[in-house]
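Geometric and topological summary
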Amino acid sequence: MKICFLTHAFPPAQTAAASYSKNFVDELLRNDIEVAVITSRREKSAEAIDIKDNLSVYRLNFQLPIFFDYFEFMIKVAPLLKKISKIENFDLIHSEHLFPAPYAARFARKRKIPHIVTIEGVSSVSPYSKLLFEMHKFLLPRISYDCLVSWGRYVLEKHFIKWGVERSKSCVIPGAVDTNEFNPEIDGSDVRKTLPEAEKIILAAKPMYFTNALGMAHIIKSMKLVVEEFPDCKLVLGGDGRMKGKLVALTNKLGLKDKLKFVGWISQKEMPKFYRAADVIVDSFIFTHPGSITALESLASGTPNVMTEIECLPGEINVPPSDIAVLSKPGDEKSIADGIIALLEDSKLGKKIGNNAVDFVEKNFSIEVVTEKYLDLYSKVLDNYPAKY
């Protein structure tokens, strides 16, 4: 079987999304599936065409600002897909995200092959996310596909089905994490030596754009309460983005300059070490987002997490269970602080929920488990094409 996998995130990009796509493709290859990936690149970050064994990677040149990536992908994918179809014979096309899907659907219909669409999730918090939300709402019921895959049950039921997506042509398959990369056996000691000297290190790491930055602001504010109980602890903030300056200004305003350290962007390669170097990992989702790969990665590390009691995990159950993390209320600095303090005070609690989290991720979100679900789906939809197969 040979599939065409359309995704805007793929190495050499160093993001959780790119890591997931690469791990997924690698697992398909291990299952003897040939894969042609159509993705993006900026400037000359990678070869435009990279063909090796059963994997072909075709990269579109992106030139617009990063916030236009989705739209640039939508515009440029059609001519490239048409071109490579002359040398690649696909059995199935899989659109990861909405924006390549309209043309991929026409391509699949014309060639009488199945089309799978995967949607991570939607939100409507920032002006940009509201635009994407409305585009999903308009396009999803109008795109042709054999199955729409939602990363989370919450989004499927609350939005997609109500928009007109057919329940019989939809399912839930979550995102995944490579537990060989993120696990408790990773050595974070070298990274710990580079962090501020403190008895306890608390870590929060995300790109610092609008919605993430709002959540990080709550974490920073919570530190006013945490340091009253644990003076010898420090918060390490990883990530970069246009809202970083505002977070630095907030830190200074609260008089927490000596208690916080901004370490900048952390590469995907170094992220597992940072998770293991910390004593507590904290997140603060301010909106429902049942598609967070970073949440899965932090849980897989085995370091105890403080997570928001809101739909932020992929899969069938999107609110984190209380036995895998200490849960805080959305946007509540005191609740976040209470969660951090609980873990700093009780190492046994931290070890227990950390172990539970590792087992939870292994069972539900390992790349092997999730890829097997897609292989089953591929076989199912291919069975509906007897003329070709």
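In short, a report on the structure. (Residues numbered from 1 in each chain as written. Predicted model: local features only at pLDDT ≥ 70, side-chain atom pairs only at ≥ 80, totals over all residues. Heavy atoms only, no water.)

**Here we look at the overall build of the protein chain**
Check the secondary structure of the protein chain and you find 13 helices and 14 strands. In terms of overall dimensions, the protein chain is globule-like: its C-alpha atoms have a radius of gyration of 21 Å, near the 21 Å expected for 389 residues. Each of the 389 residues in the protein chain was classed as buried or not, and the buried ones make up 56%. Carbon and sulfur atoms provide 51% of the accessible area of the protein chain, an area that totals close to 17500 Å². (Helix = DSSP H or I, 4+ residues; strand = E, 2+ residues; numbered from the N terminus. Rg over C-alpha atoms; globule rule 2.2 N^0.38 Å. Buried < 20%, exposed > 50% of the residue type's maximum accessible area, 1.4 Å probe, protein only. Areas by Shrake-Rupley, 256 points an atom, 1.4 Å probe, with all protein chains shown as cover.)

**Concerning the pairing of strand β9 (residues 200–205)**
Within β9, five of the six residues are buried, which leaves the element mostly enclosed by the surrounding structure. Inspection of the sheet shows β9 paired to strand β10 (residues 233–238) by six bridges, in the parallel sense. Note that in β10 the partner of K200 across the bridge is C233. Examined bridge by bridge, β9 and strand β12 (residues 280–282) share two bridges and lie parallel to one another. Looking at the pairing, L203 lines up with I281 of β12. (Pairing = 2+ DSSP bridges.)

**Details of the packing of aromatic side chains**
In this structure the tally under the stated criterion is twelve aromatic pairs. On the basis of an interplanar angle of 70° and a centroid distance of 5.4 Å, the ring pair of F71 and F99 is categorised as edge-to-face. With F71 in helix α2 (residues 69–84) and F99 in the loop between β5 (92–96) and α3 (101–111), this pair connects stretches of sequence that are 28 residues apart. There is no split in this pair, since F71 and F99 are both buried. Taken together, a centroid distance of 6.2 Å and an interplanar angle of 45° make the contact between Y374 and Y378 tilted. On the criterion of helical spacing, the pair formed by Y374 and Y378 is a turn pair, its members being four residues apart in helix α13 (residues 367–382). (Phe/Tyr/Trp six-rings, centres within 6.5 Å; stacked < 30°, edge-to-face > 60°.)

**Some words on a negative patch on the surface**
On the surface, E228, E229, E345 and D346 cluster together into a patch of negative charge. Checked against the element boundaries, E345 lands in helix α11 (residues 333–345). Judged by relative accessible area, E345 falls into the exposed class, the value being 55%. (Patch = residues over 30% accessible without salt bridge, like charges linked within 9 Å, V, L, I, M, F, W, Y side chains within 5 Å. Salt bridge = Lys/Arg side-chain N within 4 Å of Asp/Glu carboxyl O. Lys, Arg positive; Asp, Glu negative; His and termini not counted. Charge placed at Lys NZ, Arg CZ, Asp CG, Glu CD.)

**Considering the packing of helix α7 (residues 210–229) against helix α8 (residues 244–253)**
What describes two packed helices is the angle between their axes and the distance between those same axes. Packing of α7 against α8 brings their axes to within 10 Å, and their N-to-C directions diverge by 15°. It follows from the interaxial angle that α7 and α8 lie roughly parallel. α7 and α8 meet at a crossing whose hand is right-handed. Along the contact surface, α7 presents A213, M216, A217, I220 and K221, while α8 presents L247, L250 and T251. For the contact of α7 with α8, the per-class residue count stands at six nonpolar, one polar and one charged. (Axes fitted to C-alpha atoms, helices over the stretch in contact; angles between N-to-C directions. Parallel < 35°, antiparallel > 145°, perpendicular 65-115°, else oblique. Left-handed = near helix turned anticlockwise from the far one by under 90°. Contact = heavy atoms within 4.5 Å. Nonpolar A, V, L, I, M, F, W, Y, C, P; charged D, E, K, R; others polar.)

**Considering the pairing of β10**
Counting buried positions along β10 gives five out of six residues, so the element sits mostly inside the fold. Read as a crossover between parallel neighbours, the route from β9 over α7 to β10 is right-handed. Bridging between β10 and strand β11 (residues 260–264) involves four bridges; their strand directions are parallel. In the sheet register, V236 faces β11, and the bridge partner there is K261. In this region the chain leaves β10, passes through α8 and returns to the parallel neighbour β11; the handedness of that crossover is right-handed. (Right-handed = clockwise from strand over helix to strand, strands pointing away.)

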